[in-house]
Amino acid sequence: MVAIATLGSHCALQVLKGAKDEGLKTILVCEKKREKLYRRFPFIDELILVDSFKEILEQKCQSVLEENKAVLIPHGTLIAQMSSEEIESIKTPVFGNKWILRWESDREMKEKLMREANLPVPKPVMEPKDIEKLVIVKRQGAAGGKGYFMAANEEDYNTKRNQLIADGIISKDETLYIQEYAAGVLAYLQFFYSPLKDELEFFGVDQRHESDIEGLARIPSEQQLKSTKVPSFNVIGNSPLVLRESLLQDVYEMGENFVDASRRIVSPGMNGPFCIEGVYDENAKFTSFEFSARIVAGTNIYMDGSPYYSLLFNESMSMGKRIAREIKIASETNQLDKITT
Ligand code: ATP
């Protein structure tokens, strides 16, 4: 039987608990500084202790994973800490499509795939001098919102950028990405596409709580106006959300368009969990500013199963367990090559 492995961060607990519930061996690649934390959880069978997650590329680590016939579940930490080349060079079978992760990390590729999927994306702004409406300025990759800022015009952009450089939060030569700010209710739509069943499942929705942009609302405008601090969008945690049922039809359509577009653009397509992230405006129109082509940490809120999965499965089903179920079935029916890269 196969084993499930992942890096010790992000959604590792949920992924390994789900794997254990499916009767699979669980392996955690764990930084030594976090060993004490992860030893608390009895469903983790084996820890591979490392100084840095990059050791997953080394023979020593890969041999242990190979001996155990492990499938590696990629998550945000893998993307944040490794380059696309490094991820693509991982010898251990990666669940889903490791090639699509590059499309998540590179802003231009990301936008291309989103357009191909017909997702309504916010307008990109090429140069600071072209800023006409409120914009959000982002860094490359999954920076988790750290160092992002809003700007109303070129002067505002330069002031804030300079301040973040002075504070050591962003670097002088970093290419920043500017797009129009979309106002409304944030919704992070979580899906799972099963190539075994050729079926798209809608799993749930979460909202991210980001600091310190959220804290601003607690400060009276008088004090806000006096502050020169540039607020950030650093994710601290997530909370659940359910959508008006009338929105579900469009949600499935967006998910299906994304799966179809991925299949055309980056073979073998969008297999496994993914997330489409955006904002509903006052007319319930969705604008999507981002996707994640792997499990998102927002699924952690549904470790006991999500509302939408309770409609599809007669058991509590987390995203971690859903992944393990897919791997187990693929392994039993000799189809692992269909769900890993
Ligand atoms: P992650 O990989 O964690 O998703 P990221 O670094 O790729 O993060 P985004 O998800 O693009 O960054 O943006 C971070 C946050 O900034 C979002 O959760 C959202 O609150 C806000 N945001 C991003 N783009 C927009 C936009 N166009 N309009 C309004 N808010 C936005």
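As its UniProt record puts it under Function (unreviewed entry), the protein is described as follows: "Catalyzes the ATP- and formate-dependent formylation of 5-aminoimidazole-4-carboxamide-1-beta-d-ribofuranosyl 5'-monophosphate (AICAR) to 5-formaminoimidazole-4-carboxamide-1-beta-d-ribofuranosyl 5'-monophosphate (FAICAR) in the absence of folates." Here is the UniProt Catalytic activity (unreviewed entry) comment for the protein, exactly as written: "5-amino-1-(5-phospho-beta-D-ribosyl)imidazole-4-carboxamide + formate + ATP = 5-formamido-1-(5-phospho-D-ribosyl)imidazole-4-carboxamide + ADP + phosphate".

> How do you make sense of the nonpolar core when you look at a structure like this?
As a rule of thumb, nonpolar side chains are buried together in soluble globular proteins. Ranked by size, the top nonpolar core spans 51 residues in total, and within it Leu 189, Phe 202, Leu 243, Phe 258, Phe 274 and Tyr 280 carry the most contacts. Inspection of this core shows a minimum of three residues originating in each of domain 1 (3-94) and domain 2 (104-120 + 184-339). Residues Cys 11, Leu 47, Val 71 and Ile 327 belong to the second largest nonpolar core, which totals 30 residues.

> Can you walk me through the environment of Val 230 in this structure?
In this structure, Val 230 sits in the loop between helix H9 (221-226) and strand S11 (233-241). Note: C-alpha distance between Val 230 and Leu 176 (54 residues apart in sequence) is 16 Å.

> Help me understand the pairing of strand S8 (residues 177-180) in this model?
Each regular strand displays side chains that alternate between the two surfaces of the sheet. With burial as the criterion, each face of S8 is covered, one bearing Tyr 177 and Gln 179 and the other bearing Ile 178 and Glu 180. Looking at chain direction, strand S5 (residues 124-125) and S8 are connected through two bridges and run antiparallel. Note that in S8 the partner of Pro 124 across the bridge is Gln 179. With four bridges joining them, strand S6 (residues 135-138) and S8 adopt antiparallel strand pairing. Bridge assignment links Lys 138 to a residue of S8, and that residue is Tyr 177.

> Is there a simple way to think about the packing of aromatic side chains in this case?
Aromatic rings in a pair are described by how distant their centres are and how their planes are angled relative to each other. In the structure shown here, the tally under the stated rule is 14 aromatic pairs. Centroid distance Phe 191 to Phe 202: 5.5 Å. Interplanar angle 50°. Geometry classified as tilted. Note that Phe 191 is positioned in strand S9 (residues 185-194) and Phe 202 in strand S10 (residues 199-212), a separation of eleven residues in sequence. Exposure class is identical for Phe 191 and Phe 202. Each is buried. Summarising the aromatic geometry, the rings of Phe 202 and Tyr 252 are spaced 6.0 Å apart at their centres and angled 70° between planes, so their arrangement reads as edge-to-face. Linking Phe 202 in strand S10 with Tyr 252 in helix H10 (residues 248-265), this pair joins segments that are 50 residues apart in sequence.

> What is the right way to look at the sheet that holds S10 in this model?
Across the sheet, which stays open at both edges, the five strands sit in the order S11-S10-S9-S12-S13 with antiparallel pairing between neighbours. The strands lining the two open edges of the sheet, one partner per strand, are S11 and strand S13 (286-292). Along the sheet, successive strands turn relative to each other by an average axial angle of 35°, direction set aside. Taken together, the eight bridges between S10 and S11 define a ladder with antiparallel strand orientation.

> Where do I start with the environment of Glu 66 in this structure?
By the element assignment, Glu 66 lies in helix H3 (residues 59-67). As for Glu 66 and Glu 210, which are separated by 144 residues in sequence, their C-alpha atoms are 38 Å apart.

> Explain the packing of helix H1 (residues 12-21) against helix H12 (residues 319-332) here, please?
The packing of two helices is summarised by the inter-axis angle and the distance between the axes. For the pair H1 and H12, interaxial distance at closest approach is 7 Å and the crossing angle is 50°. Relative to H12, the element H1 lies oblique. By crossing handedness, the relation of H1 to H12 is classed as right-handed. Contacts between H1 and H12 involve Gln 14, Val 15, Gly 18, Ala 19 and Asp 21 from the first element and Met 319, Gly 320, Lys 321 and Ala 324 from the second. Its residues assigned to classes, the contact of H1 with H12 shows four nonpolar, three polar and two charged.

> Would you explain the sheet that holds strand S7 (residues 149-151) in this entry?
Read from one edge to the other, the open sheet built from four strands follows the order S5-S8-S6-S7, with strand pairing classed as antiparallel. One side of each edge strand has no neighbouring strand; the edge strands of this open sheet are S5 and S7. Running at roughly 155° to S7, helix H8 (residues 154-166) makes contact with S6, S7 and S8 of the sheet.

> Looking at this structure, how should I read the state of the cysteines?
Should the sulfur atoms of two cysteines be covalently bonded, the bond is a disulfide. By the definition in use, this model includes zero disulfides. Cysteine Cys 30 remains unbridged, with the sulfur of Cys 61 as its closest cysteine sulfur at 11 Å. Take Cys 30: its relative accessible area is 0%, and that puts it in the buried class. Of the residues examined, Cys 61 reaches a relative accessible area of 4% and is grouped as buried.

> Sorry, what's going on with helix H7 (residues 107-116) here?
Residues of H7 that are buried include every one of Arg 107, Lys 110, Glu 111, Leu 113 and Met 114, and no others. Projected down its long axis, H7 shows its buried positions confined to an angular sector of 165°, all on one face. Exposed and oriented more than 90 degrees from the buried face of H7 are Glu 108 and Lys 112. Along its buried surface, H7 packs onto helix H6 (101-105), S5, S6, S8, H10 and S13. You can read the cap of H7 off the contacts: a side-chain oxygen lies 2.9 Å from the backbone nitrogen of Glu 108, and it is on Asp 106. Positive backbone phi, approximately 65°, marks Asn 118, located one or two places after H7.

Basis of the calculations
Each chain has its residues counted from 1, running along the sequence as written. Totals for whole chains, interfaces and linings use every residue, but because this is a predicted model, local features are given only for residues with pLDDT of at least 70 and side-chain atom pairs only at 80 or more, for both listing and counting. Water and hydrogen atoms were dropped before computing side-chain values, which therefore reflect all heavy atoms in the structure. UniProt positions are given in the numbering used here, feature names are shortened, and annotations may be inferred rather than shown by experiment. Residues belong to one nonpolar core when they are buried, are Ala, Val, Leu, Ile, Met, Phe, Trp, Tyr or Cys, and are joined through side-chain atoms within 4.5 Å. Only protein chains enter the area calculation, which uses a 1.4 Å probe; residues under 20% of their type maximum are buried, those over 50% are exposed, and those in between are partly exposed. For every domain, the bounds stem from an assignment made automatically or drawn from a database. Elements are defined by DSSP. Helices are runs of H or I of four residues or more, strands are runs of E of two residues or more, and each kind is numbered from the N terminus. Any two strands with at least two DSSP bridges between them are considered paired. A pair of aromatic rings is counted whenever rings of Phe, Tyr or Trp (Trp by its six-membered ring) have centres within 6.5 Å, and the orientation is called stacked for planes under 30 degrees apart, edge-to-face for over 60 and tilted otherwise. Fitted lines through C-alpha atoms give the axes, limited to the stretch in contact for helices. The angle between two N-to-C directions lies from 0 to 180 degrees. Roughly parallel covers angles under 35 degrees, roughly antiparallel covers those over 145, roughly perpendicular covers 65 to 115, and oblique covers all other angles. Handedness of a crossing follows from how the near helix is turned relative to the far one, being left-handed for an anticlockwise turn of less than a right angle and right-handed for a clockwise one. Note on contacts: a residue pair qualifies if any of its non-hydrogen atoms lie within 4.5 Å across the two residues. Three categories are distinguished: nonpolar for Ala, Val, Leu, Ile, Met, Phe, Trp, Tyr, Cys and Pro, charged for Asp, Glu, Lys and Arg, and polar for the others, with Gly belonging to the last. Cysteine sulfur atoms that come within 2.5 Å of each other are treated as a disulfide pair. Our arc is simply the arc of the directions from the helix axis toward the C-beta atoms. Two N or O atoms form a polar contact when they lie within 3.5 Å of each other; inside protein one atom must be a possible hydrogen donor and the other a possible acceptor, and for residues adjacent in sequence the pair counts only when both atoms belong to side chains.

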